[in-house]
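# Results of the structural survey
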Amino acid sequence: MTGKPKLTYFNGRGRMESIRWLLAAAGVEFEEEFLETRAQYQKLIKDGALLFEQVPLVEIDGMKLVQTRAILNYLAAKYKLYGKDLKERAQIDMYVEGTTDLMGMIITFDFTPPKQRNLALIIERATTRYFPVYEKALKQHGQEFLVGSQFSWADVQLLEAILMVEEREPTVLSKFPLLQAFKARMSNIPTIKKFLQPGSPRKPRPDDQYVATVMEVLKKD
């Protein structure tokens, strides 16, 4: 495959959104194919496009990549957002794993029965387990970025996580001044600023229709 990367997923955030963020931060344009029917999904499986019968699927550099972390690793390395050496990569990985855990709680929130949803727990974890780590990291590092002296995947995903939590609780950064400043800096990086504008490939917060579509496409026969 040549040209733009092609992303196959639902027309919503889910596990693909961090991939969209990383490509956008790198200034890479991409195409998308949205799964709307179970027949589309079954055809991908039948054609052998989904190694483990799961999406996201990203077609890039002649490959059909699946598994979110593998895709993100490849993109971060390809577009030089993965540090300058193994030590920096290890740091980036740690920070990314933290934001992945936090965002995972939010991604599954809308798929949880209403009576079982616990937004208070998500906010509590964000403000006592995750955000204090990044606030301290920025203070100790004394740089504009989390790792080294360059913009990295860790910065991209932290901004994504901050914005996801703020959608649920707008005052969540009130006790984290360095993260407030970080958010402002990252949001003004030209490629990210473009991605945050209306009309970009960034997907909105999930609604009931999105949840219903995902459940229908992935339902077991």
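Residues numbered from 1 in each chain as written. Predicted model: local features only at pLDDT ≥ 70, side-chain atom pairs only at ≥ 80, totals over all residues. Heavy atoms only, no water.

### Considerations on the layout of surface pockets
Roughly 400 Å³ of internal volume is contained in the largest pocket. Contributing to the lining of the largest pocket are 18 residues, with Tyr9, Arg15, Val55, Pro56 and Leu218 lying nearest its centre. For the lining of the largest pocket, the element with the highest residue contribution is helix H9 (residues 208-218), accounting for three residues. Per-class residue counts for the lining of the largest pocket are eleven nonpolar, five polar and two charged. (1 Å grid on protein atoms, 1.4 Å probe; cavity = no way out; pocket = protein on both sides within 12 Å on 5 of 7 lines; lining within 4 Å. Points joined across faces, edges and corners; volume = space filled by probe spheres on them. Helix = DSSP H or I, 4+ residues; strand = E, 2+ residues; numbered from the N terminus. Nonpolar A, V, L, I, M, F, W, Y, C, P; charged D, E, K, R; others polar.)

### Things to note about the pattern of salt bridges
Scanning the model with the defined rule gives 16 salt bridges in all. In this structure, Glu33 and Lys6 form a salt bridge, with 2.8 Å as the shortest nitrogen-oxygen distance. Residue Glu33 is located in strand E2 (residues 31-34), and its partner Lys6 is located in strand E1 (residues 6-9); the two are separated by 27 residues in the primary sequence. One salt bridge connects Lys84 with Glu88, and the closest N-O pair in it is separated by 2.7 Å. By sharing partners, the salt bridges in this structure join Glu17, Arg20, Glu32 and Lys203 into a single network. (Salt bridge = Lys/Arg side-chain N within 4 Å of Asp/Glu carboxyl O.)

### Section: the pairing of strand E4 (residues 63-66)
Here strand E3 (residues 57-60) runs beside E4; their pairing, made up of four bridges, is antiparallel. Along E4, the bridge assignment pairs Ile60 with Met63. In this antiparallel pair of consecutive strands, E3 and E4, the connection spans two residues, and Asp61 shows a positive phi of 50°. (Pairing = 2+ DSSP bridges.)

### Description of the nonpolar core
Among the nonpolar cores identified, the biggest contains 71 residues, and Ile19, Phe131, Leu146, Phe151 and Leu179 are the most heavily contacted of them. A per-element tally of this core places helix H6 (residues 153-168) first, with ten residues. Leave out the neighbours within four places in its chain, and Ile19 touches Leu7, Pro56, Val58, Thr68, Ile71, Leu72 and Leu75. (Core = buried A, V, L, I, M, F, W, Y, C linked by side-chain atoms within 4.5 Å. Buried < 20%, exposed > 50% of the residue type's maximum accessible area, 1.4 Å probe, protein only. Contact = heavy atoms within 4.5 Å.)

### Quick notes on the sheet that holds E3
Across the sheet, four strands lie side by side as E2-E1-E3-E4; this open sheet has mixed pairing. Every interior strand has two partners, whereas the edge strands, E2 and E4, have only one. Between one strand axis and the next, the sheet turns by 20° as a mean value, whatever way the strands run. Where E1 lies against E2, four bridges are found, and the strand directions are parallel. Along E2, the bridge assignment pairs Thr8 with Glu33. Sheet strands touched by helix H3 (residues 68-78): E3 and E4. Its angle to E4, the strand with the most contacts, is close to 125°. (Axes fitted to C-alpha atoms, helices over the stretch in contact; angles between N-to-C directions.)

### A closer look at the side chain of Lys203
Take Lys203: it is sitting in the loop between helix H8 (190-195) and H9. Taking the relative accessible area as the measure of exposure, Lys203 reaches 7% and is therefore buried. A polar side-chain atom of Lys203 sits 2.6 Å from the main-chain carbonyl oxygen of Pro201. (Polar contact = N/O pair within 3.5 Å; in protein donor to acceptor, adjacent residues only side chain to side chain.)

### Things to note about the UniProt feature "domain: GST C-terminal" (unreviewed entry) in the protein
The residues that UniProt annotates with the feature "domain: GST C-terminal" (unreviewed entry) are residues 85-210. As annotated, residues 85-210 has a helix share of 64% and a strand share of 0%, and its two end C-alpha atoms lie 40 Å apart. (UniProt positions renumbered as here; feature names shortened; annotations may be inferred.)

### Side note on helix H7 (residues 177-187)
When we look at burial in H7, the residues that qualify are Leu179, Phe182, Met186 and Ser187. Projected onto a plane normal to the axis of H7, the buried residues spread over an arc of 120° and lie on a single side. Looking at the packing, one finds that the buried side of H7 touches helix H5 (119-141), H6 and H8. (Arc of directions from axis to C-beta.)

### Quick notes on the packing of H6 against H7
At a minimum axis distance of 10 Å, the contact between H6 and H7 shows a crossing angle of 110°. Considering their axes alone, H6 and H7 lie roughly perpendicular with respect to each other. The handedness of the crossing between H6 and H7 comes out as left-handed. Listed contacts from H7 to Asp155, Leu158, Leu159, Ile162, Leu163 and Glu166 of H6 are Leu179, Phe182, Lys183, Met186 and Ser187. Residues belonging to the contact of H6 with H7 are distributed by class as follows: seven nonpolar, one polar and three charged. (Parallel < 35°, antiparallel > 145°, perpendicular 65-115°, else oblique. Left-handed = near helix turned anticlockwise from the far one by under 90°.)

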